[in-house]
Amino acid sequence: MLHTVNIELDVTRDDPELYAPVNIGLPHINPSRREQLNHRLQYRKSLRQNPEIEKLSRSRKLAVDINKVREEWDSTSGPHHIRTLAEHYGIFRDLYGCAYFIPRVALRINYNFDDEMVSPVYRGNTIKPREASTCPTVQFKSEPNELWTLVLTNPDGNLLENKSECLHWFIGNIPGGDIASGEVICDYLQPFPPRGIGYQRLVFVLYKQDGRIDYSNYKKEEPCLSLKERSFSSLTFYRELQDVITPAGLSWFQSDWDSSLTNFFHHTLKMKEPVYEYEFPPLYLAPQKYFPLKRPFNSYMDLHRDPKEISKEILLQRLKKLNPLEREKPVLPFPGAIKFPKGLTNWEKKDFHRKNLGIGKYRDLYKGSNRPEV
C-alpha cells in the first residue's frame, strides 16, 4: 500500500520529459582520443628517460606534487564528483529545481580567521560563524577579458520567507578573476544560523558572463542589514539572466550556531536572537498496576519517576564519595564478586549488584578511568 501511495505522489511519473534534469552549465569540449593518447605516451616516455626520477623511485624518495594532482583532478573527474556531491546535499534541487550544472571552473575559497588559522571551503565541510565573520578570498582561473559573477546564498537561512534564500554576498562584473575589482552588488554578511536549527548550507556559485551586465535592479546599499532585502531566489535570478550568464563554479560549506552570534544578532542585526527548541512527544507509559507480575519492584517504580529526580539521586551518591582535596579512590578489581550484605531481599541484591558494576541508572555513578570493568 505504501508503494502505491508513493507512485501516486510522484508528479514526474505523468510527464517524465517535463521534469527531466536539464544541464544549464558550460559545455565540455573533449579533446580527440588521438591527442589524449599521444600526450600520455609522450609523458610516459619523458619519465622513462629521466634517470633522476628512476633513482628517486628506486630509493622510495619520489614525492608526488599534490598541486599537480589537484589540477589534474579539477580538469578531469573532479567536476563530475562535485556534481554528485551537490546532488547528495540537495543543492541543485533547492536552488534550480530540475536543473543542474557541472562545475567546470575550480574555486579556491579561504576564510582567514587570524594570522595563523585559515578555514578553506571545500564541499560540505563545517565552518563556524566566528571563522566566517569576514569575507573570504576567492581564486579561480580566468582569461583577462572574461567577466564573472559570484553569489553566496543560503537556501536554509531565510528567517522571514521559507521558500526564499538568504543572500550573503553578491559580486558582479568581475574582470579576469579579480574579485577586488568587481562590482559589489550586495556586501558580505556572515552566516548566522540560529540556535537549535542545526546546520545551514552556504553555497558559492560562480557564473560566467557573456558581457557586462547592469545589476542596478539587484544593488543594495551598504551595509545591507535588512533580512527582507536579502531575500533571494537563484532560480528567478537565473531565469531573468539566462541569456547572458552560465553557472560555471560551485563550492559550499555548512555552519551551525556558536556563541559569537548572540552579539551579532543584538548589535549588528539589531534584533532579538531567535532560539528554536524541538518539543519531544511525551514517552508512553502504561498505566501503573497494583501487582506488576514478573517485573522487579525497583525498576518498575523507576519507570514512573521523573528522570531528573533519578539523575539527581545518583549525582548525590557520587558526590558523597568524592573529596575535592584528594584523588578519587580506585574501584575494586572484581566489583561483581562483592559479598552481599545480610538481610537483603532479591530485588535489593540485584540493585546492589548493578550499583557495583555501574550499569543501568548507576552508569553516572562512575566516570572515566574509574569505571568498573563489566
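To keep things clear, this report deals only with the structure shown in the data block. On a predicted model such as this, the values are computed, not experimentally measured, just so you know.

What follows deals with the pattern of salt bridges. Within the structure shown, the criterion is met by 16 salt bridges. Here Asp74 makes a salt bridge to Arg108, at a shortest N to O gap of 2.4 Å. Note that Asp74 is positioned in helix H4 (residues 66-75) and Arg108 in strand E3 (residues 108-112), a separation of 34 residues in sequence. Taking relative accessible area as the criterion, Asp74 reaches 16% and is therefore assigned buried. Using a relative accessible area of 27% as the deciding quantity, one classes Arg108 as partly exposed.

Attention now goes to the sheet that holds strand E4 (residues 118-121). One open sheet holds the 3 strands; their spatial order is E4-E3-E6, and the pairing between them is antiparallel. This sheet does not close on itself; its edge strands, each paired only once, are E4 and strand E6 (137-139). When the angles between neighbouring strand axes are averaged without regard to direction, this sheet yields 20 degrees. With 4 bridges connecting them, E3 and E4 associate as antiparallel partners.

On to helix H2 (residues 33-48). With 16 residues, H2 should cover 22 Å at 1.5 Å per step; its first-to-last C-alpha distance of 23 Å lies within 8% of that length. By the criterion of burial, H2 is predominantly exposed, with just 0 of the 16 residues buried.

Right, let's talk about helix H10 (residues 307-321) for a bit. If you check H10, its first and last C-alpha atoms are 22 Å apart, about what 15 residues at 1.5 Å a residue would give, namely 21 Å. Along H10, the residues classified as buried are Ile310, Ile314 and Arg318. Each buried residue of H10 lies within a common arc of 75 degrees when the element is viewed along its axis, so the set occupies one face. With respect to the buried face of H10, the exposed residues turned more than 90 degrees away are Lys308, Lys312 and Lys320. For H10, the secondary structure elements touched by its buried residues are helix H9 (297-303).

Reading guide: rules and limits
Residues numbered from 1 in each chain as written. Predicted model: local features only at pLDDT ≥ 70, side-chain atom pairs only at ≥ 80, totals over all residues. Heavy atoms only, no water. Salt bridge = Lys/Arg side-chain N within 4 Å of Asp/Glu carboxyl O. Helix = DSSP H or I, 4+ residues; strand = E, 2+ residues; numbered from the N terminus. Buried < 20%, exposed > 50% of the residue type's maximum accessible area, 1.4 Å probe, protein only. Pairing = 2+ DSSP bridges. Axes fitted to C-alpha atoms, helices over the stretch in contact; angles between N-to-C directions. Expected span 1.5 Å × (residues − 1). Arc of directions from axis to C-beta. Contact = heavy atoms within 4.5 Å.

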